Amino acid sequence: MSEKSSSSDEDVDPESGQPVELGGVLSKWTNYIHGWQDRWVVLKNNTLSYYKSEDEREYGCRGSLCLSKAVITPHEFDECRFDISVNDSVWYLRAEDPEHRLQWIEWIELHKAESGYGSETSLRRHGSMLSLTSAASALSSTSTSSFKKGHRLREKLAEMETFRDILCRQVDTLQKYFDNCADAVSKDEFQRDRVEEDEDDFPSTARPDGEYNHNNNGSKEKLFPPASPKGMNGIDFKGEAITFKATTAGILSTLSHCIELMVKREDSWQKRLDKELEKRRRVEDAYKSAVNELKKKSHYGGPDYEEGPNSLINEDEFFDAVEAALDRQDKIEEQSQSEKVRIPRLTPVPPNDVYSTIGTHRFANKVEEMVQNHMTYSLQDVGGDANWQLVIEEGEMKVYRREVEENGIVLDPLKATHAVKGVTGHEVCHYFWDTSVRMDWETTIENFNVVESLSDNAVIVYQTHKRVWPASQRDVLYLSAIRKILATNENDPDTWLVCNFSVDHDNAQPTMRCVRAKINVAMICQTLVSPPEGDKEISRDNILCKITYVANVNPGGWAPASVLRAVARREYPKFLKRFTSYVQEKTAGKPILF
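Residues numbered from 1 in each chain as written. Predicted model: local features only at pLDDT ≥ 70, side-chain atom pairs only at ≥ 80, totals over all residues. Heavy atoms only, no water.

(A) Fine view of the pattern of salt bridges. Summed over all chains, the structure comprises 20 salt bridges. The residue Arg281 makes a salt bridge to Glu278 at a minimum N-O spacing of 2.5 Å. Placement of the pair is Arg281 and Glu278 together in helix H5 (residues 237–296), with a separation of three residues, close to one helical turn. Classification of Arg281 as partly exposed rests on a relative accessible area of 41%. Residue classification places Glu278 among the partly exposed positions, given a relative accessible area of 31%. Here Asp475 ties to Arg516 by a salt bridge, and the two come within 2.9 Å at their closest N and O atoms. Linking Asp475 in strand S18 (residues 474–485) with Arg516 in strand S20 (residues 515–516), this pair joins segments that are 41 residues apart in sequence. (Salt bridge = Lys/Arg side-chain N within 4 Å of Asp/Glu carboxyl O. Helix = DSSP H or I, 4+ residues; strand = E, 2+ residues; numbered from the N terminus. Buried < 20%, exposed > 50% of the residue type's maximum accessible area, 1.4 Å probe, protein only.)

(B) Quick peek at unusual backbone geometry. Positioned with a positive phi, Asn45 is a non-glycine residue whose angle comes to about 50 degrees. Mapped onto the elements, Asn45 comes out in the loop between strand S3 (36–44) and strand S4 (47–51).

(C) Here's a closer look at the nonpolar core. Counting residues in each nonpolar core, the largest one holds 35 residues, and the members touching the most others are Val428, Phe432, Met523, Tyr549 and Phe579. Here Met523 is in contact with Val428, Cys429, Phe432, Trp496, Leu497, Val498, Ile547, Thr548, Tyr549 and Phe579, once residues within four sequence places are set aside. Residues Met370, Cys499, Phe501 and Val550 belong to the second largest nonpolar core, which totals 21 residues. (Core = buried A, V, L, I, M, F, W, Y, C linked by side-chain atoms within 4.5 Å. Contact = heavy atoms within 4.5 Å.)

(D) Quick peek at the packing of aromatic side chains. Applying the stated rule across the entire model yields 12 aromatic pairs. Their ring planes at 90 degrees and their centres at 6.0 Å tell us that Tyr431 and Tyr582 sit as a pair that is edge-to-face. Residue Tyr431 is found in helix H9 (residues 425–433), and its partner Tyr582 is found in helix H11 (residues 561–587); the two are separated by 151 residues along the sequence. Grouping residues by exposure puts Tyr431 and Tyr582 together as buried. Each ring, one from Tyr549 and one from Tyr572, has its centre 6.2 Å from the other, and the planes form 45 degrees; the classification is tilted. Of the two residues, Tyr549 sits in strand S22 (residues 543–554) while Tyr572 sits in helix H11, which places them 23 residues apart along the sequence. On the basis of relative accessibility, which here comes to 8%, the residue Tyr549 falls in the buried class. The rings of Phe432, Trp441, Tyr549, Tyr572, Phe575 and Phe579 are connected pair by pair, giving a single aromatic cluster. Between Arg94 and the ring centre of Trp36, over which it is positioned, the NZ or CZ distance is 5.7 Å. Against the face of Trp388 rests Arg402, its NZ or CZ located 4.8 Å from the ring centre. (Phe/Tyr/Trp six-rings, centres within 6.5 Å; stacked < 30°, edge-to-face > 60°. Lys NZ or Arg CZ within 6 Å of the ring centre and 35° of its normal.)

Okay, structure coming up:
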């Protein structure tokens, strides 16, 4: 699964510096049939929306959640998963890796914080500021007494604005007065200096009063007239000073009133805050209690109830659910078989020498190694120290099992022996290997395709199996080869063998939708011919096919051991009977293929 996120450089919040819109691919749990599906998820305007894909955004979103009251919960065991719940709506999401999960959670939490009710960023985005006046009016609208308090506070603030204007004008007036006084003093000093210079150049009689100069006409003239009591430019300095003092006193008094009102209001606000915190605590306790109750109930819709060591469904319920699902599949298959009219397929059979030779493809040595191992070990007797346990015996068919577990995962090898009349080993192996007729007899496959044809007797196949809830859906990628092993003794029959074993291929990588199982399976057949009576030709009544079927399957994930063993004990005999009946039906009335 590819994970990507995108955001436009233009779509950035200028206040927080965060992208307004974020998008990327997450796996979303759809339902127990389809499981996890990749979806394009968009985070924008405090809303999380998802689309089937990025290309289908123009068709509208498949669903959305408002994040204001959302609860984001990282999964306790799955490092890539996190859940988002709003009331009774829950989204189960999985990221590509733990780092992407952490990044998504941080983005969502950041959007919640930036878009929360009453947050500073929210107020800035809407172009408004929370003033004391609006705060007082908003918080005091519940009662008449609180309204009056808010009204008095607004009056005091208006008074302070008036005092501020008066004070500004007074400061300007006094500043002009001080500037004029400074200019007058400078001019006085300049005139004194000039008079002293003139007296030094032209001495005159002393002036007893030191202040007057006698003119020629006998009148007196003041050298330095005193400042006017009104100051410069008609400014009443004393009056301005008194007014300035009164204004500052008014401001201080008003500030004292404001502080007193705010202290009283603080008590009221604290009480309201305490009440709200108590309400929130009770709501949170109720929510936690409701969540715990839901976990106790048998609810099978979410991924927490699928297979896994931490599944909330117990082993008995798991077994009952699997058995019920298998029963439904059997009924559907019986109905479809009764309605199905098989179309004869003419599948060309390559000459025998093709099956007898070792291929030249890149897996040829591996195929030969697997064939030799099956010929050596799979045909051994089930007695001795092999610890095979007989679990099913129906007529000629016997099914054995050896109990093996590794890291808590059941890896029991299975071995079945059977004898089928009227068919040859070549025919049985041909129909088991031929992909063109696979869907005619295999009922557990949902779909399959040939990934690569290596040779005339070897192909690589990818197939997905029908899901049996609550187990996860499985897929398998394997190489399938058919071989003919010539007998070393002329009295012994030749052996036909089909071996299927898991491989890797670039064109069929594992996905999050399915759990990749590993297999090593072999169908080994030998044909026994009884001589016909007299001169009669050999017919199908004279032939018997001895079948040895071995299967080593690693399910790729955890499931209860009792469930896996019960399913194997139930399904393998049904599979063998269904397949051999299909071969007998296909070969009836046709020439014998040795």
